[in-house]
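# Analysis of the macromolecular model
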Amino acid sequence: MDIAVFSTKSYDRNAFEQYNAPFGHALTFLEPRLGPETLALGRGYTGVCIFVNDDCNAAVIDDLVAHGTRIIATRSAGYNQIDLAAAARQGIMLARVPAYSPHAVSEFTLALILTMGRKIHRAYNRTREFNFEIGGLEGFELRDKTVGVFGTGQIGRLVIKALHGFGCPILAYDRFPNAEVEQYARYVDQPTFARESDIITLHTPLTPQTQHLISDKILPLVKPGVFIINTSRGALLKTDKVIKCLKSGQIGMLAIDVFEEEADYFYQDLSEQVPTNDELVRLLSFPNVILTSHMAFLTDHALRNIAETTLGNFAEFEQTGQCTNQVVASVHDQPGARG
Ligand code: NAD
């Protein structure tokens with residue numbers, strides 16, 4: 001199939017070229033993100049491949065379909081960047097990679113917890129400058145911290161199993177409790193979860209129900225000095241409220257791999273430019289904030305699985321008109337919520 005691959009980075013290209021031989025797709029690698037300004041680049045391709053920060057809104061979908069596109073496949077599990085209603089109206093196939101490596105994200109979550117907990121990010125910077133003082137680098141031990149895991153799907157469950165090894169009490173919250181999780185964690189209601197957790201880590205998709213989850217409803221309930229980790233989607237946090245709570249000390253530590261307005265910044269080298277997003281600048285100014293650029297997925301296993309599954313999605317659709325990994329709109333999926 002002729003496929004336009006948007007938002008291509010070197011690691012995408014390497015993996016797609018390495019695993020394309022059995023599929024034989026004609027791949028055109030494009031660096032820009034798909035969006036209203038760049039959609040012309042995708043015209044005429046039967047398949048369009050996108051990533052988390054592309055903008056697949058109704059106008060983009062209508063235009064691509066009018067120019068012959070029959071399938072859009074995202075190289076991610078989440079698909080909040082696609083207007084599902086518009087895709088359904090146009091009858092275009094949508095596909096995704098339902099699970100490429102939950103281990104990649106769960107291990108990254110643990111890395112963020114341990115890095116922040118022992119201030120390794122600050123220690124690293126000090127010793128690079130030949131400053132071998134350790135004052136101010138006091139950390140905490142996980143064994144007596146209560147960790148709340150919000151969302152006990154594939155990633156949340158792995159986080160819980162890893163945390164179990166540290167011997168800490170674990171609380172869980174999910175719409176659909178999981179029997180296996182109950183061996184390691186205690187499911188509680190949302191207010192109890194907020195009140196009793198020393199550390200809160202988020203592992204739910206971005207939906208209208210979870211958008212701005214960490215905002216006015218939960219923040220007044222949390223323990224003063226709570227440590228929040230978000231490796232899911234930026235808009236689970238209401239950024240201005242979170243900054244306010246960091247300033248007051250209500251949030252004591254924050255580690256995020258995602259940011260509400262990341263689409264305009266992440267995956268680009270902007271080091272030569274004047275920063276324009278005040279919330280991003282403010283977050284990066286706190287010593288108790290770690291921010292990484294949506295890279296929790298970025299491992300060898302995940303890149304291989306993403307490439308093989310995505311190329312397979314296009315091949316299956318080409319051969320059968322169906323796709324096992326089709327994205328189907330449900331009552332929980334509404335267009336417009338960006339992550
Ligand atoms: P999953 O579908 O296996 O699990 C999600 C869980 O969230 C499910 O158990 C579901 O019941 C629960 N949930 C959904 N809505 C809820 C609500 N309103 N209240 C409570 N629970 C709710 O997904 P996963 O594979 O574990 O991935 C979780 C999220 O991680 C993804 O949606 C994606 O946004 C994010 N992610 C981030 C990266 C990264 O690189 N940072 C990579 C992959 C996935």
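Let me begin by describing the structure that accompanies this report. (Residues numbered from 1 in each chain as written. Predicted model: local features only at pLDDT ≥ 70, side-chain atom pairs only at ≥ 80, totals over all residues. Heavy atoms only, no water.)

A word on the layout of surface pockets. Considering only enclosed or pocket space, the second largest pocket measures out at about 360 Å³ in volume. Counting residues per element, the lining of the second largest pocket draws most heavily on helix α9 (residues 278–285), at three residues. Classifying every residue of the lining of the second largest pocket gives nine nonpolar, seven polar and two charged. (1 Å grid on protein atoms, 1.4 Å probe; cavity = no way out; pocket = protein on both sides within 12 Å on 5 of 7 lines; lining within 4 Å. Points joined across faces, edges and corners; volume = space filled by probe spheres on them. Helix = DSSP H or I, 4+ residues; strand = E, 2+ residues; numbered from the N terminus. Nonpolar A, V, L, I, M, F, W, Y, C, P; charged D, E, K, R; others polar.)

Tallied over the full model, the rule gives 13 salt bridges. In this structure, Asp-12 and Arg-75 form a salt bridge, with 3.6 Å as the shortest nitrogen-oxygen distance. With Asp-12 in helix α1 (residues 10–19) and Arg-75 in the loop between β4 (71–74) and α3 (84–90), the pair connects residues that are 63 residues apart, well separated along the chain. On the basis of relative accessibility, which here comes to 9%, the residue Asp-12 falls in the buried class. In this structure, Arg-89 and Asp-62 form a salt bridge, with 3.3 Å as the shortest nitrogen-oxygen distance. On the criterion of sequence distance, the pair formed by Arg-89 in helix α3 and Asp-62 in helix α2 (residues 58–66) is long-range, its members being 27 residues apart. Classification of Arg-89 by relative accessible area gives exposed; the value is 54%. Relative accessible area serves as the criterion here: at 26%, Asp-62 is assigned to the partly exposed category. Via salt bridges that share partners, Arg-157, Lys-161 and Glu-180 belong to a single interconnected network. (Salt bridge = Lys/Arg side-chain N within 4 Å of Asp/Glu carboxyl O. Buried < 20%, exposed > 50% of the residue type's maximum accessible area, 1.4 Å probe, protein only.)

In the vicinity of the ligand, 23 residues are found, and the nearest of them are Tyr-100, Gln-154, Ile-155, Asp-174 and Thr-231. Between a nitrogen atom of the ligand and a main-chain N or O atom of Thr-231, the distance comes to 2.9 Å. In this structure, a nitrogen atom belonging to the ligand sits 3.0 Å away from a side-chain N or O atom of Asp-257. Protein burial of the ligand: of its 870 Å² of free accessible surface, 86% is covered by the chains. Taken together, the residues of the shell around the ligand sort by class into nine nonpolar, ten polar and four charged. (Near = heavy atom within 4 Å. Polar contact = N/O pair within 3.5 Å; in protein donor to acceptor, adjacent residues only side chain to side chain. Areas by Shrake-Rupley, 256 points an atom, 1.4 Å probe, with all protein chains shown as cover.)

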